[in-house]
Structure formats: structure tokens, C-alpha cells
Amino acid sequence: MTLPYQCLAACTRPVSDGHEWLLFGATGSELVAQSSSGIVSTWTPESAILAESDREDAQEGPPAKRAKLTPVAEPKPNLSHLKVTKDGTYLVAVTAEDKCIRVFQIGDQCRLEQLSQRCMAKRPSSITLTADDSIILCADKFGDVYSLPLLSSPEDEQAVIPEPKEDQKKFEPSASVLTVHSGRNRKALEEQLKQAQKGPKQVKDTPKFKHQLIIGHVSMLTDVVCATIGSRSYILTADRDEHIRVSRGLPQAHIIDGFCQGHEEFVSRLCFTKSGRLVSGGGDPYLYLWDWLSYHLEEKLPLQELIFGHYKGHPYHTGAAEFKVAVSGIWAVPDSAQEILVACEGIPALVSFKLGSSSRTGKVLPLNGNVLDLAFIASDAGGAIAAISIDHVHHPGSTQEVRQEPGASRLQCLSNYNSGEWEDDKTLTGSLERFSRPMPNEERESGIASEADRGKADNKAKALRDLLYGVENLRKRPGAED
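Residues numbered from 1 in each chain as written. Predicted model: local features only at pLDDT ≥ 70, side-chain atom pairs only at ≥ 80, totals over all residues. Heavy atoms only, no water.

## Things to note about the sheet that holds strand 8 (residues 112-119)
Rules: In this analysis, strands are considered paired if DSSP registers two or more bridges between them. Strands are runs of DSSP state E lasting at least two residues, helices are runs of H or I lasting at least four, and both sets are numbered from the N terminus onward. For helices, the fitted axis covers only the stretch in contact; all axes are lines through C-alpha atoms, and the angles between them, taken along N-to-C directions, range from 0 to 180 degrees.
Read from one edge of the open sheet, four strands run 5-6-7-8, paired in antiparallel fashion. Unpaired on one side and paired on the other, strand 5 (79-84) and strand 8 mark the two borders of the sheet. Shown here is a sheet whose adjacent strand axes are inclined to one another by a mean of 20 degrees, direction ignored. Summarising the sheet, strand 7 (residues 100-106) and strand 8 pair through seven bridges and their orientation is antiparallel. Each bridged residue has a counterpart across the sheet, and for glutamine 105 the counterpart in strand 8 is glutamate 113.

## What to know about the packing of aromatic side chains
Just so we agree on the cut-off: Stacked, tilted and edge-to-face are the three classes applied to pairs of Phe, Tyr and Trp rings, where Trp contributes its six-membered ring and a pair requires centres within 6.5 Å; stacked means planes under 30 degrees apart, edge-to-face means over 60, and tilted covers the rest. Note on classification: 1.4 Å probe, protein chains only; a residue is buried when its accessible area is under 20% of the maximum for its type, exposed when over 50%, partly exposed between these limits. Distance and angle both matter: a charge sits over a ring if NZ of Lys or CZ of Arg is within 6 Å of the ring centre and within 35 degrees of the ring normal.
Applying the stated criterion across every chain yields a total of six aromatic pairs. With a centroid separation of 4.7 Å and an interplanar angle of 20 degrees, the aromatic rings of tyrosine 5 and phenylalanine 435 are classed as stacked. Taken together, the positions of tyrosine 5 in the segment before strand 1 (7-15) and phenylalanine 435 in helix 6 (residues 433-436) put the pair 430 residues apart, joining distant regions of the chain. For the pair tyrosine 5 and phenylalanine 435, one class covers both residues: buried. Ring geometry for tyrosine 234 versus tryptophan 292: centroids 5.2 Å apart, planes at 80 degrees, classification edge-to-face. On the criterion of sequence distance, the pair formed by tyrosine 234 in strand 14 (residues 232-239) and tryptophan 292 in the loop between strand 19 (286-291) and strand 20 (296-302) is long-range, its members being 58 residues apart. Neither tyrosine 234 nor tryptophan 292 differs from the other in exposure class; each is buried. Taken together through their ring pairs, the aromatic side chains of Tyr234, Phe272 and Trp292 make up a single cluster. Just above the ring of phenylalanine 142 sits the side chain of lysine 122; from NZ or CZ to the centre is 4.4 Å. Above the face of the tyrosine 286 ring, lysine 300 is positioned so that its terminal group lies 4.7 Å from the ring centre.

## Some points on the side chain of threonine 27
Just so we agree on the cut-off: For the purposes of these results, a polar contact is taken to be a pair of N or O atoms within 3.5 Å, where, inside protein, one atom must be able to donate a hydrogen and its partner to accept one; residues adjacent in sequence count only when each atom of the pair is a side-chain atom.
With respect to the secondary-structure elements, threonine 27 resides in strand 2 (residues 18-27). Of note is the side chain of threonine 27, whose polar atom sits 3.5 Å from the backbone oxygen of proline 4.

## Description of the confidence of the model for the protein
Quick note on the threshold: Per-residue confidence from the predictor is given as pLDDT, running between 0 and 100. Here a residue-residue contact requires only that any non-hydrogen atoms of the pair lie within 4.5 Å.
On average, the protein scores 84 in pLDDT, and the residues at 70 or more come to 80%. Confidence drops under a pLDDT of 50 for residues 441-450, and excluding neighbours within four residues, the segment shows 16 contacts in the predicted structure.

Rendered as C-alpha cells:
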């Protein structure tokens, strides 16, 4: 089955005859890259293993004899986040299942070379880069934010190797069956004896690379962004418990300046407009517009009402009482100081808001399928071009029902440089045809012929839904503890 692109990223970098743009897409565990010149390259976990093997073969000395072993098939980790440095030199990616942060160097011909692979103790839920692109900020699902250098070195790894610990002595209870008489004490002694048989408690290994815990929450983090005002930097974090925290930037991230409070449901996305205003969204019916330096809520933009009015009567939409939105993406339009685009989980459309006097009059932009991610591509004609990842597997408006029509595209492109209004960009869509079509090594279904095959297909379908759709799961169910 050809998987959709679950996340996208784009950048512009200088070349000998001007500039070129590059678009990166993660489809399952595979990374695909294309430049404006039409060059396409791919990276897979297998290519990283082969590259490491080549480096070992290049070492001095005669090659060692290797036993031929049958490789054990292991599940491939899926990519969940992509970030590109401003100069287009490095790409940062997160693989979810193994909790790894991978840094790639973007070479000529769009070639991706993995420089480092650092596995965190907890699964990352969001990443960002500091203003100078030297530090990775990683927020995880246990409420912590860590800082890591973008480029690791052997010296950094040696600096954090813990000292070997002395062997712990075996625990022996001071009491015995001869000195204990009451029933309660006998039970306590039995538990102590059981614990003594298990041996000393095993301490989990800490990551063997340079990293620093800089921010801690008591709730699951959903997003992290950075901002710089004058000479001072800030780190803003959003969590499942309706909070937006404003902390100082490095090295003073332990200082909490304040909170932007007003959400009644989880906060899933944060975005700064080009004018420096903060927009947040999540499980509420509204987008929230903040003067975040003073923690003041300026405006609530109606999102749920707008989408429901446009798709009223859609076969996969429920009634007004049951209909809810879950914001999966907010993006600031590059050429506009105030315009943003918003995506909601399971909705085959983007919503455009031009903040200001007419903020409340958002516009729905229908698309060919549910929006998964978006990346802006530079345009020589002025204006903006949005490359949008489309869920071509599920029916538009549904996260459960599978499409029946074959051949749906994984990408759709919109531009606004002709009339100022967003419209389909057929030229860029054609240029990205190689990026959108399945790669030769992608898995394809060959039909389902047995109960076992149907079971495998059901498991794959569930795994795909879990990969593509998880924002709505942040919503607390009725009766759950606050």
C-alpha cells in the first residue's frame, strides 16, 4: 500500500545560478526529497545501515570475516516530525517508535546523509530549532523539554558517559520469622523477602549523548516554539491541560514568565504570525489570538462554526451537537504579516484567516482529501505556494472509511500570486508528479485472499490511522480526571 506523506518540510538555498527550493516528505519510514530542478532522492533506514557498513569497510586493515546471518525482520520506525535549518543545510527528523532524533546533511542532488541518531528516553511529541539553528528543542509526552546540539561530536558523548557504579549489596531484611509475631508484620516480611530475591532495582540507562533537561511540566506536551524579542529569547510550550507557558530562552529556560490562559480544551498547535502575534488552537471551537508578552487574549476566531457551516450535510459529518474540531496544523503565510492557514483533523479543507479588522470572516478552501501537513515553497513570481499532503487512502471527511476510487494524488498545491486568492497551482502539481507518485520500493497490496490476510489488512489499516490521526485522542473523555 502506498502511504500518504504524514509530514512535509521545505526550504530555499542558494546555488550557482540563483536559488532553488527543496521539498521533503515522510511517507512511513521513508524520506523523499525533490528540488526545483526536478531531482528526486530517497532515504530509508536500510540506506543508513548500508552507509555505516561502507564506512566500516573503508577502515584500514584487512577485512574481517563475517558470518552470513539471515536478517531478522523488524518493524521500521515511522517518521513523525521534520524540521529544516534556515540555510537548507541540515534536516532534523524524528522517528516515533524508536524515539530517535536524526540529523541529516542535505547534499548535492538532494542526497540525504545521516550524521547522527540520538534516541531519547521518552517519545518526542514536538521539536523546534533555536533562532541560530544550533540547538534542537525536544518536547516529549511526559512533559519535559530537552536541549541538544544540532551537530553532535565524540567529545560531547564522552562528556556524559556516567561513572561506573559499585555493585549494590544484596538487600537482607533485619527481621526474621523468629522475631516477627503479628500477621501484618509477617506479610511485610514476606514482601521484603520477595524483593530480596529479585535483586537490586535496575536503573534505566540514560542517553549517552549531550542533552539537558530545561523545562518540566506535569502534563503531556503537544507543541514547542521559540521567539526572540530584542535581545531576549523565549520558549513557548503547549500541553494537554489547556495551558500555554511562556518561559525564558536558553540558558534561563527555568524561569517562567507567565501563562496564556483561556483554552477550555487541549492545546495542540502554536504558531507565530509574521507580525509576531501568537495563534493557538486545539480542541476548542475557536482559534485564540494572543498578545503573548502580556499574556492577554485579544480575540477568539470562530473555527468550528465556519467549518460546520461549509460542510453541513456531508455524509461523514455528525450533527451540530456532536461535531467537534481538533486543530492539526497552523501555518503563517510567508508573504503576509497577518494571514494564517489552519487544518483540522479529518477535514478535507484548509481555513484561511486574515487577522485584523476582518479576522472573524475566515474562508474555507476545499481540497481533494483530508489535510495531513503543509509546507510553503518559495516563488519567483511573488506570493506564496503551499504544497499540501493529502490523505489519499481514506475518504475525504472520514478517518475510518477507505476510498474506493484509485489513483488519488498524495499532494495538492495552492498558490495566491495571481489574484491574491488561493487557487489550484497545476504547474507546481505537475512539477511534483515524481514526488507524489509511489516509489519503486514501496509496498503494494496484492489482494486479500484469506482470513489471516484480512486480519493483517485490518492491522495495517489501524496502524495507518494511528500514524495519521492522533490529535482527537488528546480530548479528555467525560468523567476523566482533570
